[in-house]
Amino acid sequence: MAVEIKILAWSCVLLLVHIFAAAHLKTKQYGAKWNMGARDESLPPLDPLAGRLVRAQANFMETYPVAIICLLGVVIAGKTTDTTALGGWLWLGARTVYLPLYGMGVPVIRTLTYGMSLVGLALIFQALVSG
């Protein structure tokens, strides 16, 4: 099995961590009745930590389709290399570190970590579109 597919599998775990971390804190703030209800009512703003985790989840979801396309693309096109594997692990590792950094409200290092995840995607994308 291609390493890039394993990276995608582990990225599914990271996606679930994002979803459940944000949902847990939202439910803690708004209550189980809200969680199991229609969620039509107006609610007060989220507490800072919950708000950061919701934003981190949205940020992950914005770039996740790009990662999926790039990682699957190099596998389907038969363009997997050590560089695409490195790019995938760099992306996944940076995205994994990004979540707690965002949750803790760490400003500059969080942005640099996000940038590293984009470098990882760029390595994969370059291999996908080359030659």
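For the structure itself, consult the block above.
A few points on the structure. (Residues numbered from 1 in each chain as written. Predicted model: local features only at pLDDT ≥ 70, side-chain atom pairs only at ≥ 80, totals over all residues. Heavy atoms only, no water.)

So, the packing of aromatic side chains
Then step 1. As enumerated under the stated definition, the model contains six aromatic pairs in all.
Then step 2. Judged by centre distance (5.3 Å) and plane angle (65 degrees), the ring pair of Tyr30 and Trp34 falls under edge-to-face.
Then step 3. The buried category is assigned to Trp34, whose relative accessible area is 8%.
Then step 4. Plain terms: the ring middles of Phe60 and Trp91 are 6.1 Å apart, the flat faces sit at 25 degrees to each other, and that makes the pair stacked. Taken together, the residues Phe60 in helix H3 (residues 48-76) and Trp91 in helix H4 (residues 82-104) connect sequence positions 31 residues apart.
Then step 5. Given the relative accessible area of 0%, Phe60 is considered buried.
Then step 6. Overall, Trp91 belongs to the buried group, its relative accessible area being 0%.
Then step 7. Among the aromatic side chains, those forming a connected cluster through ring pairs are Phe60, Tyr64 and Trp91. (Phe/Tyr/Trp six-rings, centres within 6.5 Å; stacked < 30°, edge-to-face > 60°. Buried < 20%, exposed > 50% of the residue type's maximum accessible area, 1.4 Å probe, protein only. Helix = DSSP H or I, 4+ residues; strand = E, 2+ residues; numbered from the N terminus.)

Concerning a nonpolar patch on the surface
Then step 1. A cluster of nonpolar residues, Val3, Trp10, Val13, Val17 and Trp89, forms a patch on the protein surface that exposes about 470 Å² of accessible area.
Then step 2. With four residues, the single largest contributor to the nonpolar patch is helix H1 (residues 3-30).
Then step 3. Following the sequence through the fold, Val13 ends up in helix H1. (Patch = residues over 30% accessible without salt bridge, like charges linked within 9 Å, V, L, I, M, F, W, Y side chains within 5 Å. Areas by Shrake-Rupley, 256 points an atom, 1.4 Å probe, with all protein chains shown as cover. Salt bridge = Lys/Arg side-chain N within 4 Å of Asp/Glu carboxyl O.)

Overview of the nonpolar core
Then step 1. Phe60, Leu71, Trp91 and Ile124 are the most contacted members of the largest nonpolar core, which totals 15 residues.
Then step 2. Every element with two or more residues in this core is listed here: H1, H3, H4 and helix H5 (108-129).
Then step 3. Examining the composition of this core, we find that six residues originate from one element, H3, more than from any other.
Then step 4. Residues contacting Ile124, with those up to four places away along its chain left out, are Cys70, Leu71, Val74, Thr84, Gly87 and Gly88.
Then step 5. With eight residues, the next largest nonpolar core counts Leu25, Ala50, Leu99 and Tyr102 among its residues. (Core = buried A, V, L, I, M, F, W, Y, C linked by side-chain atoms within 4.5 Å. Contact = heavy atoms within 4.5 Å.)

Side note on the packing of H3 against H5
Then step 1. Axis separation between H3 and H5 bottoms out at 9 Å; the angle between their running directions is 30 degrees. Considering their axes alone, H3 and H5 lie roughly parallel with respect to each other. In this structure, the crossing between H3 and H5 has a hand that is left-handed. Contacts from Asn59, Thr63, Val66, Ala67, Ile69, Cys70, Leu71, Gly73 and Val74 of H3 reach H5 at Tyr114, Leu121, Ile124, Phe125, Ala127 and Leu128.
Then step 2. Residue composition of the contact of H3 with H5, grouped by class: 12 nonpolar, three polar and no charged. (Axes fitted to C-alpha atoms, helices over the stretch in contact; angles between N-to-C directions. Parallel < 35°, antiparallel > 145°, perpendicular 65-115°, else oblique. Left-handed = near helix turned anticlockwise from the far one by under 90°. Nonpolar A, V, L, I, M, F, W, Y, C, P; charged D, E, K, R; others polar.)

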